[in-house]
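Residues per chain, in single letters:
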Amino acid sequence: MPAALSHIRVLDLSRVLAGPWCTQNLADLGAEVVKVERPGSGDDTRAWGPPWLKDAAGKDTGESAYFLSCNRGKQSLALDIAHPEGSRIVRELARHCDVLVENFKVGGLAKYGLDWDSLRAINPRLVYCSITGFGQSGPSAGRPGYDFIVQGMGGLMSVTGERDGAPGGGPQKVGVAVADLFTGMYATVAVLAALTFREKSGQGQHIDLALLDAQVAMLANQNMNFLVSGQAPERLGNAHPNIVPYQTFATADGHLILAVGNDAQFRRFCELAGCSGLADDARFASNPARVAHRAALIPLLDPILRSRTTQDWVGALETAGVPCGPINRLNEVFEDPQVRHRGLRIDLPHPTAGSVPQVASPIRLSATPGECASPPPLLGQHTREILREWLGLPDAELARLRDDGVIGP
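Below is a summary of the structure that appears in this document. Just so it is clear, the model here is predicted, and its values are computed rather than measured. (Residues numbered from 1 in each chain as written. Predicted model: local features only at pLDDT ≥ 70, side-chain atom pairs only at ≥ 80, totals over all residues. Heavy atoms only, no water.)

## Some thoughts on the packing of helix α3 (residues 84–95) against helix α16 (residues 383–391)
Inclusion rule: Lines fitted to C-alpha atoms define the axes, with helix axes restricted to the stretch in contact, and inter-axis angles between N-to-C directions lie between 0 and 180 degrees. Numbered from the N terminus, helices here are DSSP runs of H or I no shorter than four residues, and strands are runs of E no shorter than two. Oblique is the label for every angle not falling under 35 degrees (roughly parallel), over 145 degrees (roughly antiparallel), or within 65 to 115 degrees (roughly perpendicular). Put simply, a crossing is left-handed when the front helix is turned counterclockwise from the back one by less than a right angle, and right-handed when it is turned clockwise. The contact definition used throughout considers only heavy atoms, calling two residues in contact when any of these lie within 4.5 Å. Polarity classes work like this: nonpolar for Ala, Val, Leu, Ile, Met, Phe, Trp, Tyr, Cys and Pro, charged for Asp, Glu, Lys and Arg, and polar for all others, with Gly in that last group.
At a minimum axis distance of 10 Å, the contact between α3 and α16 shows a crossing angle of 55°. With respect to their mutual orientation, α3 and α16 come out oblique. For α3 against α16, the interelement crossing comes out left-handed. Of α16, the residues touching α3 (which contributes I89, E92 and L93) are I386, L387, W390 and L391. Its residues assigned to classes, the contact of α3 with α16 shows 6 nonpolar, no polar and 1 charged.

Below, the structure written as structure tokens:
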């Protein structure tokens, strides 16, 4: 069976992470994705190294690991959209596309005639997805958006990090750019919804995705904790605001995540740990009681968890049906038997390095499985191929465009 989106063409005018994450998802699902990049430099993240991908001789290829993380399955078109002929070519390409994704500043593409109003006049079926920091309207619409800033403004850093007053306490960003990544995922969902609507109506539409909106939305239960109680949640380190014990504990040789989700699991844990009396204590017999008496319970559990190694605990707790797990470094992640079984690491052929490691899409479809078939492209690798196949430009015209600086060499 063809991949689910094998009939969809995507023009990717986005850079860095949120937009490319969306278009990589679409590529993994089978869409043909053309990434438009500045001749000579390309996507900003091409220069965001080290580390760099190395060739068979161990020399740097100039391909940054950051760029490689979010651009597989795409074709690269080196094209100067600021040049009048470059913007004209994009308009012609848009006639042949189903989806366009961009993350320019609000109004930034209008001067090139590449904004939503201009392109829908050319292609009424186009699904046009704009990704910005703060959305297309409002007092902050014109501000540039950066994941780190949005993690702070959107409340995530107020609930992430060790509690105030504890060693290392204070606001902490998440270790990956989750505002960008969530926005990219929401954008993927929105594009698929718009394509479904188009199947029924024949109409494209404009999608307005903002990092701040996505960041606020993904706070989930923490949002509702505030909206229901009126009290802003505080940082709890690795503890959970609504479940106890649901946090990390030090063990004899490292750390363990203990994730007790209900009272029966707590009782099984106590019986296994030799402290069954705690499950009968009125202060700890129910989860609401444990949340209320967190400060009393955790010091009682700390020395118990320190008495055995992490693996001892994991083996015993899993047998008893108590959710738990180790805290793996990435080298341990990719050696985990389950990760290996699921094939999360893949290696794709690469034109300069021989092969490039990738992380497989987690989306598994039974009837129309996607395929991570091609590596992240070299800058401008497919320029001539795309302009020949999509627009029918002859070699002489391509040479002229190259000489005029419209397309890359």
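## Considering the state of the cysteines
Formally: Defined by distance alone, a disulfide is two cysteine sulfur atoms within 2.5 Å.
A complete count under the given rule lists 0 disulfides for this structure. With no disulfide of its own, C324 lies closest to C270 among cysteine sulfurs, the gap being 15 Å.

## Observations regarding the packing of aromatic side chains
The relation between two aromatic rings is expressed through the spacing of the ring centres and the mutual angle of the planes. Rules: Working definition: a ring pair exists when centres of Phe, Tyr or Trp rings (six-membered ring for Trp) sit within 6.5 Å. Plane angles under 30 degrees give stacked, over 60 give edge-to-face, the rest tilted. Burial classes follow relative accessibility: with a 1.4 Å probe on protein chains only, a residue under 20% of its type's maximum area counts as buried, one over 50% as exposed, and anything between as partly exposed.
Going through the model one piece at a time under the given rule, you end up with 3 aromatic pairs. Seen in terms of ring centroids, W48 and Y66 are 5.0 Å apart; in terms of plane orientation they differ by 80°. Their pairing is edge-to-face. Taken together, the positions of W48 in the loop between β2 (32–37) and β3 (52–54) and Y66 in helix α2 (residues 65–68) put the pair 18 residues apart, joining distant regions of the chain. Y66 gets classed as partly exposed once you look at its relative accessible area, which sits at 27%. Note on F269 and W313: the rings are 6.3 Å apart at their centroids and 35° apart in plane angle, and the pair reads as tilted. In this pair, F269 sits in helix α9 (residues 263–273) while W313 sits in helix α13 (residues 310–320), placing the two residues 44 residues apart along the sequence.

## Observations regarding α16
Threshold: This arc describes the spread of directions from the helix axis toward the C-beta atoms.
Taken together, the buried positions of α16 are T383, I386, L387 and W390. Buried positions in α16, seen along its axis, are confined to an arc of 95° and lie on one side of it. Contacts made by the buried residues of α16 are with β1 (9–13), β2, β5 (74–78), α3 and α17 (395–403). One or two positions beyond α16, positive phi appears at G392, with a value near 70°.

## Section: the pairing of strand β13 (residues 354–359)
The test is simple: Strand pairing follows a simple DSSP-based rule, namely that at least 2 bridges must link the two strands.
Of the pairings in the sheet, the one linking strand β12 (residues 345–350) to β13 comprises 6 bridges and is antiparallel in character. For P349, the partnering residue across the bridge sits in β13 and is S355. Count of turn residues in the β12/β13 antiparallel hairpin: 3 residues.

## Thoughts on the nonpolar core
Rules: Nonpolar cores are built from buried Ala, Val, Leu, Ile, Met, Phe, Trp, Tyr and Cys residues. Side-chain atoms within 4.5 Å join them into one set.
Counting residues in each nonpolar core, the largest one holds 29 residues, and the members touching the most others are L11, L77, L79, I81 and L109. Taken together, the elements giving at least two residues each to this core come down to β1, β2, α3, α4 (116–122), α16 and α17. Counting residues per element, this core draws most heavily on α3, which supplies 4 residues. With residues up to four places along the chain from it excluded, the contact list for I81 reads V36, G86, S87, V90, F104, L109, Y112 and L114. Ranked by size, the runner-up nonpolar core spans 25 residues in total, among them V99, V150, L195 and L209.

## As for the pairing of strand β4 (residues 60–64)
Here 2 bridges tie β3 to β4, and the two strands are oriented antiparallel to one another. Across the sheet, the residue bridging to K54 is D60, located in β4. Hairpin connection of β3 to β4: 5 residues between the antiparallel strands, including G58 at a positive phi of 85°.

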